[in-house]
Amino acid sequence: MKTGIDAAAVVVATVLLGLFLRVKQGSPPSWYLVLEKLIGIGFVGSALVTALILPLSATAGKIWFLYYTLQVALYAFLPGKSYDGLALAKKPEAISCVYDRKNEKTGKVEYFLKYRCNGLLAFVIILATYFIGGYVGLFEYTLIYDNFASLLNWVNVFSFTCSLLLYIKGLFSPDRITRNNPIEDFWYGTELNPHTWIIDWKFFSESRPGLIGWVLVNFSIAAAQYKQLGYITTPMLLVSIFHFIYVFDYFWVESYIYSTWDITDERFGWMLLWGDYVWVPFYYTIQSWYLLYLPRDYHWSYNALNIAVFFFGYLLFRGANGQKHNFKENPNKLWWFWGCHVNKAPKTLQTTVTEKNPRGTKLLIDGWWGMARHINYLGDLILAISWGMPCAFETYITYGYFFFMLGLLLHRFARDDAKCAEKYGKDWDSYCKAVPYKLIPFVF
Ligand code: NDP
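Bear in mind that the values here come from a model prediction, so they are computed numbers and not experimental data. (Residues numbered from 1 in each chain as written. Predicted model: local features only at pLDDT ≥ 70, side-chain atom pairs only at ≥ 80, totals over all residues. Heavy atoms only, no water.)

## A word on the overall build of the protein chain
The helix and strand tally for the protein chain stands at 16 helices and ten strands. Against the globule reference of 22 Å for 444 residues, the protein chain gives a C-alpha radius of gyration of 22 Å, in line with a compact fold. Split into buried and exposed, the 444 residues of the protein chain put 52% on the buried side. Look at the contacts in the protein chain between residues 6 or more apart in sequence, and 77% of them connect residues 24 or more apart. Entry remark: accessible area of the protein chain is about 21300 Å², with carbon and sulfur atoms responsible for 68%. (Helix = DSSP H or I, 4+ residues; strand = E, 2+ residues; numbered from the N terminus. Rg over C-alpha atoms; globule rule 2.2 N^0.38 Å. Buried < 20%, exposed > 50% of the residue type's maximum accessible area, 1.4 Å probe, protein only. Contact = heavy atoms within 4.5 Å. Areas by Shrake-Rupley, 256 points an atom, 1.4 Å probe, with all protein chains shown as cover.)

## Concerning the side chain of glutamine 71
For glutamine 71, the location among the structural elements is in helix H3 (residues 58–77). Discounting residues that sit within four places of it in the chain, glutamine 71 has contacts with Ile126, Phe204, Arg208, Pro209 and Ile212.

## What to know about the environment of asparagine 218
Within the secondary structure, asparagine 218 is located in helix H8 (residues 201–229). For asparagine 218, a relative accessible area of 0% gives the class buried. Apart from residues lying up to four places away in sequence, asparagine 218 is in contact with Val239, Ser240, His243, Thr285 and Ser288.

## Side note on the confidence of the model for the protein chain
For residues with low pLDDT, the predicted coordinates do not support detailed interpretation. Summing up the model confidence of the protein chain, the mean pLDDT is 89 and the portion of residues at 70 or higher is 92%. For the protein chain, the element scoring lowest by mean pLDDT is helix H1 (residues 2–25), at 66; helix H4 (residues 119–135) scores highest, at 98. (pLDDT = per-residue confidence, 0-100.)

## Quick word on the packing of H3 against H8
In contact at an axis separation of 11 Å, H3 and H8 are set at 130 degrees when each is read in the N-to-C sense. One element, H3, and the other, H8, form an angle in the oblique class. Helix-helix and strand crossings are classified by hand; for H3 and H8 the assignment is right-handed. On the side of H3, the interface is formed by Trp64, Tyr67, Tyr68, Gln71, Val72 and Tyr75, while H8 contributes Trp201, Phe203, Phe204, Arg208, Pro209, Ile212, Gly213 and Leu216. (Axes fitted to C-alpha atoms, helices over the stretch in contact; angles between N-to-C directions. Parallel < 35°, antiparallel > 145°, perpendicular 65-115°, else oblique. Left-handed = near helix turned anticlockwise from the far one by under 90°.)

## So, the nonpolar core
Core analysis: the biggest nonpolar cluster contains 97 residues, and Trp214, Leu216, Trp270, Tyr277, Tyr284 and Trp387 have the highest contact counts within it. It is H8 that contributes the most residues to this core, twelve residues altogether. Beyond its immediate sequence surroundings of up to four residues, tyrosine 284 is in contact with Trp214, His243, Trp279, Tyr401, Phe404 and Met405. Listed in part, the 19 residues of the second largest apolar core include Phe327, Trp368, Cys420 and Trp428. (Core = buried A, V, L, I, M, F, W, Y, C linked by side-chain atoms within 4.5 Å.)

## Digging into a nonpolar patch on the surface
Among the surface-exposed residues, Ile132, Tyr135, Val136 and Leu138 lie close enough to one another that they form a single nonpolar patch of about 540 Å² accessible area. With respect to the helices and strands, the residue tyrosine 135 is situated in helix H4. Take tyrosine 135: its relative accessible area is 73%, and that puts it in the exposed class. (Patch = residues over 30% accessible without salt bridge, like charges linked within 9 Å, V, L, I, M, F, W, Y side chains within 5 Å. Salt bridge = Lys/Arg side-chain N within 4 Å of Asp/Glu carboxyl O.)

Structure, rendered in structure tokens:
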């Protein structure tokens with residue numbers, strides 16, 4: 001077992017080195033390009049093996065069907081504030097609910113989508129259903145834990161099926177963006193905003209089944225510990241609470257998502273879909289599993305340190321993402337945290353209007369965004385460390401999420417940097433000079 005973990009650690013270290021070089025040099029080393037494809041094949045391959053070896057029980061199938069149908073119904077019918085999304089690069093032909101407005105600066109018509117944010121209400125209703133259902137004896141609180149392997153596989157098979165349907169839908173879509181390689185098209189997807197009726201599948205899938213599922217899986221594992229020990233240990237509680245806060249926060253400011261890369265740039269294919277549905281709820285709960293099998297308690301001072309690390313990461317993560325989002329909505333005020341703003345215009349870098357940058361978008365070089373170009377990623381990484389801390393430092397496995405996030409964010413950084421360099425041209429070089437640090441102020 002130990003040798004297996006060490007071998008996995010070497011592979012992870014190699015991948016991270018490749019990504020680090022890619023970010024540092026601006027272009028990927030050729031051996032990394034091969035590795036990148038192998039990683040993709042490894043993910044899809046292990047998901048296919050999972051589909052073959054894990055069971056598909058009728059009970060788990062019913063749970064997934066009811067849960068998913070409820071999620072879609074809540075998304076479609078619950079009331080919620082509607083937000084206008086950012087301008088789209090071009091008018092989507094396959095979507096009926098697309099809106100237009102006149103760009104005040106250029107006088108040109110631009111197209112956008114609306115995002116109805118009713119996720120917080122859906123989250124509350126689903127949690128209430130879980131707690132009330134368990135309390136009145138409709139099911140046990142350990143329902144998910146009891147059916148875990150089969151549930152994982154149902155969601156896995158479901159994700160493959162949906163990705164295939166998306167791929168086929170994309171073949172006939174006028175909005176298709178293709179890399180002329182069927183495997184890459186399946187992996188990355190071919191449509192930016194696939195819709196059916198009023199359902200924006202990417203926006204829905206980004207959070208509803210996966211993020212809420214993540215919290216429910218944690219609660220169910222904590223319930224299993226309660227059954228085993230007669231109480232829930234503090235580290236188990238901390239993991240559940242940390243993850244709950246992260247997800248609650250997502251829904252509290254749900255509209256912030258429409259200005260992020262996933263919504264503006266990422267197409268909807270296997271990578272995002274499988275990640276949202278399978279990877280997030282079933283893998284992000286790894287610390288809860290560890291604590292179920294190896295329960296423990298620590299001195300209060302260690303727990304206090306753990307909580308402090310969590311809130312520090314949270315401050316960076318929420319502060320930076322909130323600041324950029326509010327800046328995009330109103331570039332004339334410098335926002336700090338949850339609605340607080342200092343009464344001065346932030347320092348910005350005005351970019352030139354070009355075909356690729358028709359709005360001449362301003363870049364923020366003040367506040368969190370004056371410290372490093374992806375200070376928000378640093379926040380996420382510190383959060384990831386705080387989520388491993390309840391398991392102490394006995395194995396790499398409980399920091400698997402941290403290493404995964406490091407890989408994902410370095411990869412994202414490289415792709416985002418390439419996208420912005422193309423969009424902003426020489427202005428991007430000036431931005432990199434104005435904010436020289438990539439991730440960690442004064443270090444990297
Ligand atoms: P960003 O929110 O940083 O979005 C990048 C885009 O923002 C760029 O393409 C650019 O778009 C714009 N931008 C970049 N710098 C500036 C600036 N200085 N001023 C104005 N606009 C700027 O990245 P992501 O969407 O990738 O991440 C959002 C959050 O989600 C992060 O905190 C990340 O860690 C987290 N995340 C979490 C995951 C998880 O599984 N837990 C997975 C992925 C992300 P443009 O100029 O074209 O508008």
